[in-house]
Amino acid sequence: MKYSRLTKEQFEELHQEFINFLATQTITAEEWEDLKVNKPEVAEQELDVFSDLIWQGVLSKVSYLEHISPQQMHLFHCTEKQMRLIALKIKNTDIDITTKEGYAWFKDNLLSDDVEMFTAVKDYSEDKGLDKFKLIQEGANITKGDLYNYFENLLGS
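Residues numbered from 1 in each chain as written. Predicted model: local features only at pLDDT ≥ 70, side-chain atom pairs only at ≥ 80, totals over all residues. Heavy atoms only, no water.

Concerning helix H5 (residues 100-108)
Just so we agree on the cut-off: Burial classes follow relative accessibility: with a 1.4 Å probe on protein chains only, a residue under 20% of its type's maximum area counts as buried, one over 50% as exposed, and anything between as partly exposed. In this description a helix means any DSSP run of H or I spanning at least four residues, a strand means any run of E spanning at least two, and both kinds are numbered starting from the N terminus. Our arc is simply the arc of the directions from the helix axis toward the C-beta atoms. What makes two residues a contact is simply this: any of their non-hydrogen atoms within 4.5 Å.
All of the buried residues along H5 are Gly-102, Trp-105 and Phe-106. The buried residues of H5 all sit within an arc of 100° when viewed along its axis, so they share a single face. Set apart from the buried face of H5 by more than 90 degrees, the exposed residues are Lys-100, Glu-101, Lys-107 and Asp-108. Looking at the buried residues of H5, the elements they touch are strand E2 (72-78), strand E3 (82-90), strand E4 (115-123) and helix H7 (146-155).

Okay, structure coming up:
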């Protein structure tokens, strides 16, 4: 398995897609029930293959990722050839930008010496889907890129 198995909730959300997937494998509903009972290892493999297909589809469309922690914000723009990063670090450890109050402080003090900004560019490894997936596993969220674009404009990049 290349990525990770979807959760029970994700499988429930993708119920119809999973039925269609089984149909492409020429597995009927009755055969699926039989596999789960009599050949659970084969059923597990089908779940893994489906999960990887879903992840590949999702990751191929990811353009922006954000990872926000109490004192840091990492904003990624996933272009065709590389990842661009805008990183912000809060020097004041009393500030937690994951809270409403901390984020308000952050917005008001964005250009102060208490906030450091960095940019970086990194080429993908041989598998850009896996590069994106690792960031998601580490806590990054897929976004539309509003924050990244705001800071890119602010920095004049």
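Quick notes on the sheet that holds strand E5 (residues 141-143)
Quick note on the threshold: Any two strands between which DSSP finds at least two bridges are classified as paired. Note on method: axes are straight lines fitted to C-alpha atoms, helices fitted across the in-contact stretch only, with angles between N-to-C directions ranging 0 to 180 degrees.
Pairing is antiparallel in the open sheet, where five strands are placed in the order E4-E3-E2-E1-E5. Bordering the open sheet on either side are E4 and E5, each of which pairs with just one other strand. Taking the axes of each pair of neighbouring strands and ignoring which way they run, one obtains an average angle of 20° across the sheet. Inspection of the sheet shows strand E1 (residues 64-69) paired to E5 by three bridges, in the antiparallel sense. Looking across to E5, one finds that Glu-66 is bridged to Asn-141. This element, H5, spans E2, E3 and E4 of the sheet and lies at about 100° to E3. Contacting E1, E2, E3 and E4, H7 crosses the sheet at an angle of about 95° to E2.

A short note on the environment of Trp-32
Its place among the elements puts Trp-32 in helix H3 (residues 29-38). Expressed as a C-alpha distance, the spacing of Trp-32 and Lys-100, which sit 68 residues apart in the sequence, is 48 Å. With residues up to four places along the chain from it excluded, the contact list for Trp-32 reads Phe-18, Leu-22, Ile-27, Ala-43, Glu-46 and Leu-47.

A look at unusual backbone geometry
Phi angles above zero are rare outside glycine, and Thr-26 is one such case at about 55°. Residue placement: Thr-26 occurs in the loop between helix H2 (15-24) and H3. Classification of Thr-26 as exposed rests on a relative accessible area of 65%.

Some remarks on the pattern of salt bridges
Cut-off, in case you're wondering: We count a salt bridge whenever a side-chain nitrogen from Lys or Arg sits within 4 Å of a carboxyl oxygen from Asp or Glu.
A complete count under the given rule lists seven salt bridges for this structure. Close ionic contact of Arg-5 with Glu-44 constitutes a salt bridge, the shortest N to O distance being 2.7 Å. In this pair, Arg-5 sits in the segment before helix H1 (8-13) while Glu-44 sits in helix H4 (residues 40-61), placing the two residues 39 residues apart along the sequence. Using a relative accessible area of 31% as the deciding quantity, one classes Arg-5 as partly exposed. Of the charged contacts, one joins Lys-36 and Glu-33 as a salt bridge, the two residues approaching to 3.2 Å between their closest N and O atoms. With a gap of three residues between them, Lys-36 and Glu-33 both fall in helix H3, about one helical turn apart. Beyond isolated ion pairs, a larger network of salt bridges with shared partners links Arg-5, Glu-44 and Asp-48.

Description of a nonpolar patch on the surface
Short version of the rule: Patches here are clusters of residues that have more than 30% relative accessible area and form no salt bridge, with a 9 Å joining cutoff for like charges and a 5 Å cutoff for nonpolar side chains (Val, Leu, Ile, Met, Phe, Trp, Tyr). For the accessible areas, the method is Shrake-Rupley and the probe is 1.4 Å, while residue cover comes only from the protein chains on display.
Taken together, the side chains of Leu-111, Tyr-150 and Leu-154 define a hydrophobic patch exposed on the protein surface, amounting to about 330 Å² of accessible area. Along the chain, Leu-154 turns up in helix H7. Residue classification places Leu-154 among the partly exposed residues on the basis of a relative accessible area of 35%.

Take it as geometry only, folks, not as evidence of what the structure does.
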